[in-house]
Amino acid sequence: MTRELIGMIFILLGIMFDFFGVLGLVRLPDVYNRLQAATKCVTFGSAGILFGVFIIQGFNNFGFKVILGIVFIFLTSPVSAHAISRAAHRSKIPLAKESVVDQYQEDNELKD
Amino acid sequence: MADILYNTSAVLALIAIILAAWRLLKGPNVADRVVALDVMTIISISLIVYVASIAQRVIYLDVAMVYALISFIGVVAIARYLERGL
């Protein structure tokens, strides 16, 4: 019973992280800001939900598969975020007009 | 007590998915839509794991793993296409 309560607390924390990440996805001005809000919050929140399920289930085959899912999300989510942001910058999607500096662009100009 | 917690978390996840779908429909360019689709997929994966925990079915976890794999490959393929064409 206590284990289930602790797991539910982790699940609620993870879902709150998910919700705030999606709020950032709706509210922020351009694709790069949206990408950092959405990717960081949603990755950590989903890992929280999966960890809560692991605490509820305990050390059996269910729990170890859930741990495998956490490792998989932590490996793949930053890779896909990096690929999307690099592709967006290379296909010349503009920054928001409040942006101060674009160091990737400066680096490319320095290289040419 | 436990029922209230279960229902609250499921409804919050549903609201998050609906907001991400709004960004998917409205987003000004392709990268926004890809980000919104990625977010919807990850929240759906965690919901599938949650449902598997409630229903005590181990085999639903395999569905979540395969869904995560296909989503990752799809996002990387779209990013590659945006960058220089397939």
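Residues numbered from 1 in each chain as written. Chains lettered and ligands numbered in written order. Predicted model: local features only at pLDDT ≥ 70, side-chain atom pairs only at ≥ 80, totals over all residues. Heavy atoms only, no water.

Undergrad: Pulling in residues and values, what's your account of the overall build of chain B?
TA: Counting its regular elements, chain B contains 3 helices and 0 strands. The secondary structure elements of chain B, listed N-terminal to C-terminal, are α-α-α. Its C-alpha atoms give chain B a radius of gyration of 15 Å, more than 25% over the compact-globule value 12 Å for 86 residues. C-alpha atoms of chain B, sized along the principal axes, occupy 50 × 30 × 10 Å. Taken across its 86 residues, chain B has 40% of its residues classed as buried. Long-range pairs, those at least 24 residues apart, make up 40% of the contacts in chain B between residues at least 6 apart in sequence. Roughly 4,700 Å² of accessible area belongs to chain B as shown, and the carbon and sulfur atoms make up 73% of that amount. The averaged location of the 5 negative side-chain charges in chain B is 10 Å from the averaged location of its 6 positive side-chain charges. (Helix = DSSP H or I, 4+ residues; strand = E, 2+ residues; numbered from the N terminus. Rg over C-alpha atoms; globule rule 2.2 N^0.38 Å. Buried < 20%, exposed > 50% of the residue type's maximum accessible area, 1.4 Å probe, protein only. Contact = heavy atoms within 4.5 Å. Areas by Shrake-Rupley, 256 points an atom, 1.4 Å probe, with all protein chains shown as cover. Lys, Arg positive; Asp, Glu negative; His and termini not counted. Charge placed at Lys NZ, Arg CZ, Asp CG, Glu CD.)

Undergrad: Could you give an account of the interface of chain A and chain B, with specific residues and numbers?
TA: On the side of chain B, 40 residues touch chain A, which itself brings 41 residues to the contact. Of the roughly 3,800 Å² buried at the junction of chain A and chain B (both faces included), carbon and sulfur atoms supply 78%. Viewed at the interface, chain B and chain A are joined by 4 salt bridges. Arg34(A) serves as the salt-bridge partner of Asp32(B), at 2.6 Å between the closest nitrogen and oxygen. Applying the counting rule to chain A against chain B returns 8 residue pairs in polar contact (both at pLDDT 80 or more). Every element with two or more residues in the side of chain A that touches chain B is listed here: α1 (2-27), α2 (31-57) and α3 (61-90) of chain A. With 16 residues, the single largest contributor to the side of chain A that touches chain B is α3(A). (Buried area = accessible area lost by both parts, 1.4 Å probe. Salt bridge = Lys/Arg side-chain N within 4 Å of Asp/Glu carboxyl O. Polar contact = N/O pair within 3.5 Å; in protein donor to acceptor, adjacent residues only side chain to side chain.)

Undergrad: So what about the layout of surface pockets? Which residues, and what values?
TA: All names here are of chain A. Volume-wise, the largest pocket comes out at about 210 Å³. Among the secondary structure elements, those contributing two or more residues to the lining of the largest pocket are α3 and α4 (103-111). Looking at the lining of the largest pocket element by element, the count peaks at 3 residues for α4. Considering only residue class, the lining of the largest pocket consists of 4 nonpolar, 3 polar and 3 charged. (1 Å grid on protein atoms, 1.4 Å probe; cavity = no way out; pocket = protein on both sides within 12 Å on 5 of 7 lines; lining within 4 Å. Points joined across faces, edges and corners; volume = space filled by probe spheres on them. Nonpolar A, V, L, I, M, F, W, Y, C, P; charged D, E, K, R; others polar.)

Undergrad: I'd like a rundown of the packing of α2(A) against α3(A), residues and numbers included.
TA: Residue and element names in this part refer to chain A. Relative to each other, α2 and α3 sit at 175°, their axes nearing to 9 Å. Here α3 runs roughly antiparallel to α2, going by the angle between their axes. When the residues that make up the contact of α2 with α3 are grouped by side-chain class, the tally is 17 nonpolar, 9 polar and no charged. (Axes fitted to C-alpha atoms, helices over the stretch in contact; angles between N-to-C directions. Parallel < 35°, antiparallel > 145°, perpendicular 65-115°, else oblique.)

Undergrad: Kindly report on unusual backbone geometry, identifying the contributing residues and their values.
TA: Even without being a glycine, Lys92(A) presents a positive backbone phi close to 60°. Assignment of secondary structure puts Lys92(A) in the loop between α3 and α4. For Lys92(A), a relative accessible area of 70% corresponds to the exposed category. If you check the backbone angles, Gln56(B) has positive phi at about 60° while not being a glycine. Locating Gln56(B) in the fold gives a position in the loop between α2 (30-55) and α3 (59-84).

Undergrad: Provide a residue-level description of the packing of aromatic side chains, including the pertinent values.
TA: Residue and element names in this part refer to chain A. Here the structure, examined in full by the defined rule, presents 7 aromatic pairs over all chains. Ring centres of Phe17 and Phe44 lie 5.1 Å apart, and the angle between their planes is 65°; on these two criteria the pair is classed as edge-to-face. Here Phe44 lies in helix α2 and Phe17 lies in helix α1, a separation of 27 residues in the sequence. Its relative accessible area of 35% is what places Phe17 among the partly exposed residues. Taking the relative accessible area as the measure of exposure, Phe44 reaches 49% and is therefore partly exposed. Judged by centre distance (6.0 Å) and plane angle (40°), the rings of Phe51 and Phe54 are tilted. Linking Phe51 with Phe54, this pair stays in helix α2, spanning 3 residues, or about one helical turn. (Phe/Tyr/Trp six-rings, centres within 6.5 Å; stacked < 30°, edge-to-face > 60°.)

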